[in-house]
Every structure is written in C-alpha cells, then in structure tokens.
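Letter by letter, the chains look like this.
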Amino acid sequence: MANPIQEIIEKQVLTVAKAMEDKLDDEIASLEKLDEDDLEVLRERRLKQMKKMAEKKKRWMSLGHGEYSEIHSEKDFFSVVKASERVVCHFYRENWPCKVMDKHMSILAKQHIETRFVKIQAEKSPFLAERLKIVVLPTLALIKNTKVDDYVVGFNELGGKDDFSTEDLEERIARAQVIHYEGESSLKPKSTPQVRRNVRQSARSDSDSE
C-alpha cells in the first residue's frame with residue numbers, strides 16, 4: 001500500500017521542479033528574443049555598473065578602507081564614522097583577547113573594503129567608552145550612518161573561546177549588515193535588538209576641545 005505522505009511529498013517536489021523549469025525556460029526565451037540593440041543596452045548598463053563600483057572602491061580606499069588601522073583620538077573617531085557609511089570599531093586594551101581580535105579584524109578589513117575597520121584604545125577614550133557603555137574588552141561597535149547599531153562583546157557570541165575562526169566573526173558582523181555578505185548568517189535576524197546610540201560629533205559638546 002502506497003504511503004500517502006510520501007506521495008504528497010513527491011507531488012510537491014515535482015511541482016517545485018516544474019516551476020523552476022518553467023522559470024528557466026522563460027529566461028532562456030527572453031534571451032533568445034534579444035536583438036543587437038537589446039544586447040548593446042545590456043552591455044552599456046553593465047559598463048555603467050562596473051564604472052560606478054570602481055569609483056566607489058576608489059573612494060573607499062582613499063578613506064582608509066581595505067586596511068585595519070588605529071585611530072588615536074576621540075575626535076578622529078567622529079571623523080571616521082562621519083566619512084564612512086559602515087564602520088567596525090574595536091575598543092581594545094593591550095591584552096591577549098584583543099590581540100586575537102586584531103588578527104581577525106586585519107583579515108576582514110582586506111576582504112570587505114566596503115567597510116572601514118579601525119581600533120581605538122578604550123582607556124584613552126573615556127568619553128566614548130562611557131557614552132557607548134564599553135565595559136568588556138574587546139568590544140566591537142558596529143556602526144551604520146554614524147549610529148552604533150550593534151555590538152560584539154567579548155567572545156560570548158563566538159563560541160566563548162579565543163580559537164574562533166575569522167568566518168565566525170564575519171558571520172556575526174554580517175547580522176548587523178555592516179558588511180556585504182552572501183552567506184546564510186546574513187539572512188538571520190539579530191538575536192537581541194540593540195538600542196542605537198547616536199555618535200554624531202555635535203552631541204559631543206565639550207570634548208572636542210580636549
């Protein structure tokens with residue numbers, strides 16, 4: 001006697017396969033209908049996209065993207081987050097866990113030039129540490145459009161040990177959409193919503209003069 005559940009599953013699989021096949025047939029048919037003018041339009045559009053991306057990359061590189069660098073003052077921090085749309089900032093001190101984080105940040109900075117990767121010494125940045133409630137080190141502040149959108153605090157979300165992989169950190173940062181990432185983790189919702197804290201320089205009324 002046939003298993004009714006198995007039959008239902010097989011029918012669903014066949015339905016999905018047929019839908020995918022029909023979609024592919026439609027795409028092939030559309031391509032076959034293209035004439036020389038259509039192809040030229042597609043080429044022009046592609047060239048414009050490539051040119052626009054090249055200009056973006058050039059601008060990113062001019063801002064310091066593509067490398068992991070240290071910023072030495074709180075004033076410089078505000079300049080960095082105002083200049084770049086996406087920033088990952090490592091608040092650190094001279095200890096082993098922060099050196100582990102440095103290693104992974106250096107790799108990611110080269111892989112994701114769309115984002116600025118920087119670090120700042122927490123003990124020399126008391127205003128920022130207090131305003132952003134930096135307590136545990138290392139802490140990564142994940143910043144979009146001058147606002148801290150999320151944090152990676154210590155190694156708790158990275159397995160709780162210092163032997164996590166660069167991919168683990170990459171996937172965690174991707175959840176905040178601060179890097180462009182096509183992996184599965186970029187589709188997962190953030191586990192705990194974070195309160196955004198504005199880090200605009202204007203809010204820092206009496207600290208720039210220091």
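Before going into details, it helps to say that this report is about the structure given with it. (Residues numbered from 1 in each chain as written. Predicted model: local features only at pLDDT ≥ 70, side-chain atom pairs only at ≥ 80, totals over all residues. Heavy atoms only, no water.)

Overview of the overall build of the protein chain
Secondary structure summary: the protein chain contains 6 helices and 6 strands in total. Going through the 210 residues of the protein chain one by one, you find that 38% of them count as buried. Within the protein chain, contacts between residues at least 6 apart in sequence are counted, and of these 71% link residues at least 24 apart. Carbon and sulfur atoms provide 53% of the accessible area of the protein chain, an area that totals close to 13,600 Å². (Helix = DSSP H or I, 4+ residues; strand = E, 2+ residues; numbered from the N terminus. Buried < 20%, exposed > 50% of the residue type's maximum accessible area, 1.4 Å probe, protein only. Contact = heavy atoms within 4.5 Å. Areas by Shrake-Rupley, 256 points an atom, 1.4 Å probe, with all protein chains shown as cover.)

Observations regarding a negative patch on the surface
Judged by side-chain charge, Asp162, Asp163, Glu167, Asp168 and Glu171 come together as a negatively charged surface patch. As for its placement among the helices and strands, Asp162 is situated in the loop between β5 (147-153) and α6 (166-175). Take Asp162: its relative accessible area is 36%, and that puts it in the partly exposed class. (Patch = residues over 30% accessible without salt bridge, like charges linked within 9 Å, V, L, I, M, F, W, Y side chains within 5 Å. Salt bridge = Lys/Arg side-chain N within 4 Å of Asp/Glu carboxyl O. Lys, Arg positive; Asp, Glu negative; His and termini not counted. Charge placed at Lys NZ, Arg CZ, Asp CG, Glu CD.)

Describing the packing of helix α4 (residues 96-111) against α6
Across the interface, α4 lies against α6 with an axial gap of 10 Å and an inter-helix angle of 65°. Judged on the interaxial angle alone, α6 and α4 are roughly perpendicular. The two elements α4 and α6 cross, and the hand of that crossing is right-handed. The residues of α6 that touch α4, namely those facing Met101, His104, Ile107, Leu108 and Gln111, are Thr166, Leu169, Glu170 and Ile173. Across the contact of α4 with α6, the residue classes tally to 5 nonpolar, 3 polar and 1 charged. (Axes fitted to C-alpha atoms, helices over the stretch in contact; angles between N-to-C directions. Parallel < 35°, antiparallel > 145°, perpendicular 65-115°, else oblique. Left-handed = near helix turned anticlockwise from the far one by under 90°. Nonpolar A, V, L, I, M, F, W, Y, C, P; charged D, E, K, R; others polar.)

So, the pattern of salt bridges
Enumeration over the complete set of coordinates arrives at 7 salt bridges. One salt bridge in this structure joins Glu94 and Lys99, with 3.3 Å as the shortest N-O distance. Residue Lys99 is classed as partly exposed on the basis of its relative accessible area of 45%. Across the salt bridge formed by Asp102 and Lys119, the nearest N and O atoms sit 3.2 Å from each other. Here Lys119 lies in strand β3 (residues 116-121) and Asp102 lies in helix α4, a separation of 17 residues in the sequence. The exposure class of Lys119 is buried, given its relative accessible area of 15%. Here the salt bridges do not stand alone but share partners, grouping Asp150, Glu157 and Arg172 into one network.

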